[in-house]
Amino acid sequence: MENLKDNDRALRIMSKNFKKLRSGKGLTIMQLSKLTGVNPVVLREMEHSSGDFGVEHFMTVCNFYGLKPSELFHPLEPKKADEKENEL
């Protein structure tokens, strides 16, 4: 049961990080979709920790932001988030 709580927490953190990165750049879901080629429905699922968005889409968005996948499962440090937002 503890593993499920840990997994759920990590997924919520990842979703918040994706949304924080996107909104920090002033991008809409549609704009991010056009830039990454990831369907907007999938991007919404990623930001709301729902659905089955798959590894390929996850990696595409990680690459777009220049992040290692593991970085998204922990709260982004303010400096790290700001650096990533400014690089885009």
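The preceding data block contains the structure.
Residues numbered from 1 in each chain as written. Predicted model: local features only at pLDDT ≥ 70, side-chain atom pairs only at ≥ 80, totals over all residues. Heavy atoms only, no water.

A. Highlighting the overall build of the protein chain. For the protein chain, the helix and strand inventory stands at five helices and zero strands. When the 88 residues of the protein chain are sorted by exposure, 33% land in the buried category. Pairs at least 24 apart in sequence give 57% of the contacts found in the protein chain among residues at least 6 apart. Working note: accessible area of the protein chain is about 5,600 Å², and carbon and sulfur atoms make up 52% of it. (Helix = DSSP H or I, 4+ residues; strand = E, 2+ residues; numbered from the N terminus. Buried < 20%, exposed > 50% of the residue type's maximum accessible area, 1.4 Å probe, protein only. Contact = heavy atoms within 4.5 Å. Areas by Shrake-Rupley, 256 points an atom, 1.4 Å probe, with all protein chains shown as cover.)

B. Seen up close, the packing of helix H3 (residues 40–47) against helix H4 (residues 54–65). In contact at an axis separation of 11 Å, H3 and H4 are set at 80° when each is read in the N-to-C sense. Between H3 and H4, the angle is such that the two are roughly perpendicular. Across the interface between the two elements, Val42, Leu43 and Met46 from H3 touch His57, Phe58 and Val61 from H4. Taken together, the residues that form the contact of H3 with H4 break down as five nonpolar, one polar and no charged. (Axes fitted to C-alpha atoms, helices over the stretch in contact; angles between N-to-C directions. Parallel < 35°, antiparallel > 145°, perpendicular 65-115°, else oblique. Nonpolar A, V, L, I, M, F, W, Y, C, P; charged D, E, K, R; others polar.)

C. Molecular detail of the environment of Leu32. Along the chain, Leu32 falls in helix H2 (residues 29–36). Through-space distance from the C-alpha of Leu32 to that of Val61 is 8.9 Å; in sequence the pair is 29 residues apart. Ignoring any residue separated from it by four or fewer positions in sequence, one finds Leu32 in contact with Arg22, Leu27, Gly37, Leu43, Phe64 and Tyr65.

D. Looking closely at empty space enclosed by the protein. Tallying each qualifying case throughout the model produces one cavity of 30 Å³ or more. In this structure, the largest cavity spans a volume of roughly 40 Å³. The wall of the largest cavity is formed by Phe18, Leu32, Leu43, Met46, Glu47, Val61 and Tyr65. Put simply, the parts of the chain that give the lining of the largest cavity at least two residues each are H3 and H4. In terms of residue count, the dominant contributor to the lining of the largest cavity is H3 (three residues). Taken together, the residues of the lining of the largest cavity break down into six nonpolar, no polar and one charged. (1 Å grid on protein atoms, 1.4 Å probe; cavity = no way out; pocket = protein on both sides within 12 Å on 5 of 7 lines; lining within 4 Å. Points joined across faces, edges and corners; volume = space filled by probe spheres on them.)

E. How the structure looks around the packing of aromatic side chains. Applying the stated criterion to the full structure yields three aromatic pairs. Considering the side-chain rings of Phe58 and Phe73, the 5.7 Å spacing of their centres and the 35° angle between planes classify their relative orientation as tilted. Placement of Phe58 in helix H4 and of Phe73 in the loop between H4 and helix H5 (78–87) is noted, with a sequence separation of 15 residues between them. For Phe73, a relative accessible area of 31% gives the class partly exposed. Among the aromatic residues, ring-to-ring pairing joins Phe18, Phe58 and Phe73 into one connected group. (Phe/Tyr/Trp six-rings, centres within 6.5 Å; stacked < 30°, edge-to-face > 60°.)

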